[in-house]
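# Overview (structure and organization)
The chain contents come next:
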Amino acid sequence: MDETYTIDVTPGTRRSRFSRRELGDIAAAMIVLSVAFMVLYRNGSFKAYLDMHYGSAGAWVLLFVTCVVLVFFSFLLHEFGHKFTAQRYGMRSEFRMFPIGLVITLVSSMIGFLFAAPGAVVIEGYPNKEENAKISIAGPAVNIVLAAIGILGCLAFNHSPMVFVFLMLASLNAFLAVFNLLPIPPLDGSKIWGWSIPAYAVVIGIAVLELVYLYQWMPDLYWA
């Protein structure tokens, strides 16, 4: 391999490890993603509620904190799913931010949609087809679980301002799960499909059900 493209990552030791560079990349990606989400949600119902109860300054602070939580529980845990599974198989794995991806993320949020490409977990090693598929499943599986938690939270807090947070958590994770499970290289779904079509059908089936349920149900959910 050309030395230009070699990435120095933490050796796999079958336990979770982070390097200083990786922690810096994670922090940069989280800050940029959180700001992008804050820009995207600045005119939404949740921001309007915060303005009404906490004033403009307090609303921005609380919106940013909420977006940090969403980024951690949606994008970061997805990547950690890949990272920790790869390390469990003894492979090298670290998160790397993509500078151009961070710029695209910010610019797209200002336009009115979010194309999030902050970075990804880089893995070095020689996984077999099954290991590669299981590493790939780990990320969307995290999103599926978080989407389910978001749905349950909406049901439990449907007459509380917390419903906004759970709605964002559920919809974001359901979308991420379905998108990453598309059987198109280099997305996770292509590696799962190449290993086991029945396993792929089960995982994508659950993710699609969550997404359909949310989009059929959310229009009837209002906080009052």
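Here goes a summary of the coordinates provided. (Residues numbered from 1 in each chain as written. Predicted model: local features only at pLDDT ≥ 70, side-chain atom pairs only at ≥ 80, totals over all residues. Heavy atoms only, no water.)

## Details of the packing of aromatic side chains
Formally: Classification of ring pairs uses Phe, Tyr and Trp, with its six-membered ring standing for Trp, and accepts pairs whose centres are within 6.5 Å; under 30 degrees between planes counts as stacked, over 60 as edge-to-face, and the remaining range as tilted. To qualify as a helix, a DSSP run of H or I must reach at least 4 residues; to qualify as a strand, a run of E must reach at least 2; elements of each kind are numbered from the N terminus. Per-residue accessibility, obtained with a 1.4 Å probe over protein chains only, is compared with the maximum for each type, and a residue is labelled buried under 20%, exposed over 50%, and partly exposed between these values. Here, a charge over a ring is recorded when the distance from Lys NZ or Arg CZ to the ring centre is within 6 Å and its angle to the ring normal is within 35 degrees.
Under the counting rule described, the total for this entry stands at 11 aromatic pairs. When the centroid spacing of 6.4 Å and the interplanar angle of 40° are considered together, the rings of tyrosine 49 and phenylalanine 164 count as tilted. A residue pair is termed long-range when its members are at least 10 positions apart, and tyrosine 49 in helix 2 (residues 45–88) and phenylalanine 164 in helix 5 (residues 162–180) qualify at 115 residues. For phenylalanine 164, a relative accessible area of 17% corresponds to the buried category. Centroid distance phenylalanine 72 to phenylalanine 73: 5.1 Å. Interplanar angle 85°. Geometry classified as edge-to-face. The structure contains a cluster of three or more aromatic residues connected by ring pairs, namely Phe18, Phe80 and Phe84. The side chain of lysine 83 reaches across the aromatic face of phenylalanine 18, ending 4.7 Å from its centre.

## Brief notes about the nonpolar core
Inclusion rule: As used in this record, nonpolar core signifies buried Ala, Val, Leu, Ile, Met, Phe, Trp, Tyr and Cys residues forming a set joined through side-chain atoms within 4.5 Å. Should any heavy atoms of two residues lie within 4.5 Å, those residues are considered in contact.
By size, the foremost hydrophobic cluster in this structure holds 47 residues, and its most contacted members are Phe37 and Phe46. Put simply, the parts of the chain that give this core at least two residues each are helix 1 (20–40), helix 2, helix 4 (129–156), helix 5 and helix 7 (197–217). With near-sequence residues (within four places) excluded, phenylalanine 37 lies in contact with Cys67, Val71, Phe75, Leu114 and Leu172.

## Considerations on the pattern of salt bridges
To keep things clear, this is the line we draw: Here, a salt bridge means any Lys or Arg side-chain nitrogen found within 4 Å of an Asp or Glu carboxyl oxygen.
Overall, the coordinates contain four salt bridges when judged by the stated rule. Two residues, glutamate 22 and lysine 83, come together in a salt bridge whose shortest N-O distance is 3.0 Å. One end of the pair, glutamate 22, is in helix 1; the other, lysine 83, is in helix 2, with 61 residues separating them in the sequence. Judged by its relative accessible area of 0%, glutamate 22 is buried. For glutamate 94, the salt bridge goes to arginine 96, with nearest N and O atoms at 2.9 Å.

## Looking at the side chain of histidine 78
How we decide: Polar contacts, as used here, are pairs of N or O atoms within 3.5 Å; protein pairs need one atom able to donate a hydrogen and one able to accept it. Residues neighboring in sequence count only if both atoms are side-chain atoms.
By the element assignment, histidine 78 lies in helix 2. A polar side-chain atom of histidine 78 sits 2.7 Å from a polar atom in the side chain of asparagine 143. Apart from residues no more than four positions distant in its own chain, histidine 78 is found in contact with Gly139, Pro140, Val142, Asn143, Asn180 and Asp188.

## Quick look at helix 1
Operational definition: By definition here, a helix of n residues has an expected span of 1.5 Å times n minus one.
Taking 1.5 Å of rise per residue, 21 residues should cover 30 Å, and helix 1 covers 30 Å from first to last C-alpha, within 8% of that figure. Those residues of helix 1 that fall on the buried side of the exposure criterion are Glu22, Asp25, Ile26, Ala29, Met30, Val32, Leu33, Ser34, Ala36, Phe37, Met38 and Val39. Buried residues along helix 1 sit against helix 2, strand 1 (92–97), helix 3 (99–111) and helix 5.

## Topic: the packing of helix 6 (residues 188–195) against helix 7
To be explicit about the condition: Fitted lines through C-alpha atoms serve as axes, helices being fitted only where they are in contact, and the angles separating the N-to-C directions of these axes extend from 0 to 180 degrees. In this scheme, roughly parallel covers angles under 35 degrees and roughly antiparallel covers those over 145, while 65 to 115 is roughly perpendicular and the rest are oblique. Only Asp, Glu, Lys and Arg are considered charged, only Ala, Val, Leu, Ile, Met, Phe, Trp, Tyr, Cys and Pro nonpolar, and every remaining residue, Gly among them, polar.
One can describe the packing of helix 6 onto helix 7 by two numbers: an axis separation of 6 Å at closest approach and a directional angle of 140°. On the basis of their axis angle, the class for helix 6 and helix 7 is oblique. For the pair helix 6 and helix 7, the contacting residues are Gly189, Ile192, Trp193 and Trp195 in the first and Ile197, Ala199 and Tyr200 in the second. Of the residues belonging to the contact of helix 6 with helix 7, the class tally is six nonpolar, one polar and no charged.

## A few points about helix 6
Along helix 6, the residues classified as buried are Asp188, Gly189, Ser190 and Ile192. Buried-residue contacts for helix 6 involve helix 2, helix 4, helix 5 and helix 7.

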